[in-house]
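This is what each chain is made of:
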Amino acid sequence: MDEQRSTVTIPVGEAQLPADLMVPAQPVGVVLFSHGSGSSRHSPRNVAVARSLNDRGLATVLVDLLSPIEDEVDARTAELRFDIGLLASRLAGIVDWLAVERPAGAVPIGLFGASTGAAAALVAAASRADRVGAVVSRGGRPDLSGDALTQVRTPTLLLVGGLDEEVITLNKRALAELGEVGELRVVPGATHLFEEPGTLEQVADEAGTWFTTHLSR
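Given the structure is predicted, the values throughout are model-derived calculations rather than measurements.

Q: What should I look at first to understand the overall build of the chain in this one?
A: What the chain contains, in helices and strands, is six helices and eight strands. Starting at the N terminus and walking to the C terminus, you meet the elements of the chain as β-β-β-α-β-α-α-β-α-β-β-α-β-α. What you see for the chain is a C-alpha radius of gyration of 16 Å, in line with the 17 Å of a compact globule of 217 residues. The C-alpha extent of the chain, read off along each of the three principal axes, is 40 × 40 × 35 Å. Relative to its full complement of 217 residues, the chain shows a buried share of 53%. Here the analysis covers contacts within the chain between residues at least 6 apart in sequence; of these, 68% occur between residues at least 24 apart. For the chain, the computed accessible surface area is about 9,600 Å², with 48% contributed by carbon and sulfur atoms. Computing the positive centroid from 18 side-chain charges and the negative centroid from 28, the chain places the two 2 Å apart.

Written out as structure tokens, the structure is:
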């Protein structure tokens, strides 16, 4: 299968954000990743999920939502990684870039968010309902999305580890606010980071099915 891998710089406002783009032959959609607090586009878990999605014909965009300078500040202060509004606006800007520049072609767009990145993904989905066709949250904190939760109109899959009890509770509350567009699935035997054997593979499989189903509509 012909694949195109590239590192690009995506302009969002005044920020220049580095991103790793993988486009399989004839992609059926493109999935933009929103990593969790203190992580980056090199997150081993997100990279593993992205590779699985590529195998299912989905293009992927792994991006740093903070500029290199902002990242240096955040490494000292940890203040920007929890700025959901800022991260969501960056995601929305990248969604617009994908829709206009079409690096993967004229294909539907999905969002995959992990931990706090899931909150940013949901806020971005609420603000770009016409452009985002599906959302998947891995061990996410949708409770940090605020009022945006009730405004999400995009099919959203919440994946939570069976041993991640506090986050299960938070996701159940979020599910009630998402209403009919939301679905919660618990991965048995998994903790918050899905480090247990086979659990991350299950996340990738569930996410792949969700994206291929909803982005093809």
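Q: When you look at the pairing of strand β5 (residues 109-114) in this model, what are you seeing that I'm missing?
A: Remember that side chains alternate between the two faces of the sheet whenever the strand is regular. Judged by how many residues are buried, β5 sits mostly within the fold: six of six residues are covered. Sheet analysis places β5 next to strand β6 (residues 132-138), joined by six bridges and oriented parallel. The residue bridging L111 from the neighbouring strand is V135, located in β6.

Q: Hey, could you run me through the pattern of salt bridges in this one?
A: Where charged atoms from two side chains of opposite charge approach closely, those side chains can pair. Overall, the coordinates contain 12 salt bridges when judged by the stated rule. Linking D20 and R41 is a salt bridge whose minimum nitrogen-to-oxygen distance equals 3.2 Å. Taken as a pair, D20 in strand β2 (residues 15-24) and R41 in the loop between β3 (29-34) and α1 (44-55) lie far apart in primary sequence, 21 residues in all. We note a salt bridge from R185 to E183, for which the minimum N-O separation is 2.7 Å. Classification of E183 as partly exposed rests on a relative accessible area of 31%. Overlapping salt bridges bring together D20, R41 and D64 as one network.

Q: Teacher, can you tell me more about the sheet that holds strand β4 (residues 58-63) here?
A: Adjacent strands of a sheet form backbone hydrogen bonds with each other and so pair up, either parallel or antiparallel. On the basis of which strands lie adjacent, the open sheet formed by eight strands has the order β1-β2-β4-β3-β5-β6-β7-β8 and mixed pairing. With one partner strand each, in any of the chains shown, β1 (3-12) and β8 (182-187) form the two edges of the open sheet. Neighbouring strand axes in the sheet, compared pairwise and without regard to direction, differ in orientation by 20° on average. Looking at chain direction, strand β7 (residues 156-161) and β8 are connected through six bridges and run parallel. Counterpart to L159 in the pairing with β8 is R185.

Q: How should I be thinking about the nonpolar core in this particular structure?
A: One recurring pattern in soluble globular proteins: nonpolar side chains tend to sit buried together. V30, L32, V61, V63, I94, L98 and L111 are the most contacted members of the largest nonpolar core, which has 44 residues in total. Per-element tally for this core: the top contributor is helix α3 (residues 84-101), with nine residues. Counting residues in hydrophobic clusters, the runner-up holds 22 residues, among them A50, L53, A204 and F211.

Q: Quick question: what am I supposed to make of α3 here?
A: A rise of 1.5 Å per residue sets the reference length of α3, with its 18 residues, at 26 Å; its end C-alpha atoms lie 25 Å apart and thus fit the reference within 8%. Burial runs high along α3: 13 of the 18 residues are buried. Looking at the residues trailing α3, positive phi occurs at R102, about 50°.

Q: Got a minute to help me understand the packing of α1 against helix α6 (residues 199-215) in this structure?
A: To describe two helices that pack against each other, one gives the angle between their axes and the distance between the axes. As a packed pair, α1 and α6 sit with axes 9 Å apart at the nearest point and diverge in direction by 45°. When the axes of α1 and α6 are compared, the pair comes out oblique. The crossing of α1 and α6 is right-handed. Here R45, A48, V49, S52 and L53 of α1 come into contact with α6, specifically with L200, V203, A204, A207, G208 and F211. Partitioned by chemical class, the residues of the contact of α1 with α6 number eight nonpolar, two polar and one charged.

Reading guide: rules and limits
Residues numbered from 1 in each chain as written. Predicted model: local features only at pLDDT ≥ 70, side-chain atom pairs only at ≥ 80, totals over all residues. Heavy atoms only, no water. Helix = DSSP H or I, 4+ residues; strand = E, 2+ residues; numbered from the N terminus. Rg over C-alpha atoms; globule rule 2.2 N^0.38 Å. Buried < 20%, exposed > 50% of the residue type's maximum accessible area, 1.4 Å probe, protein only. Contact = heavy atoms within 4.5 Å. Areas by Shrake-Rupley, 256 points an atom, 1.4 Å probe, with all protein chains shown as cover. Lys, Arg positive; Asp, Glu negative; His and termini not counted. Charge placed at Lys NZ, Arg CZ, Asp CG, Glu CD. Pairing = 2+ DSSP bridges. Salt bridge = Lys/Arg side-chain N within 4 Å of Asp/Glu carboxyl O. Axes fitted to C-alpha atoms, helices over the stretch in contact; angles between N-to-C directions. Core = buried A, V, L, I, M, F, W, Y, C linked by side-chain atoms within 4.5 Å. Expected span 1.5 Å × (residues − 1). Parallel < 35°, antiparallel > 145°, perpendicular 65-115°, else oblique. Left-handed = near helix turned anticlockwise from the far one by under 90°. Nonpolar A, V, L, I, M, F, W, Y, C, P; charged D, E, K, R; others polar.

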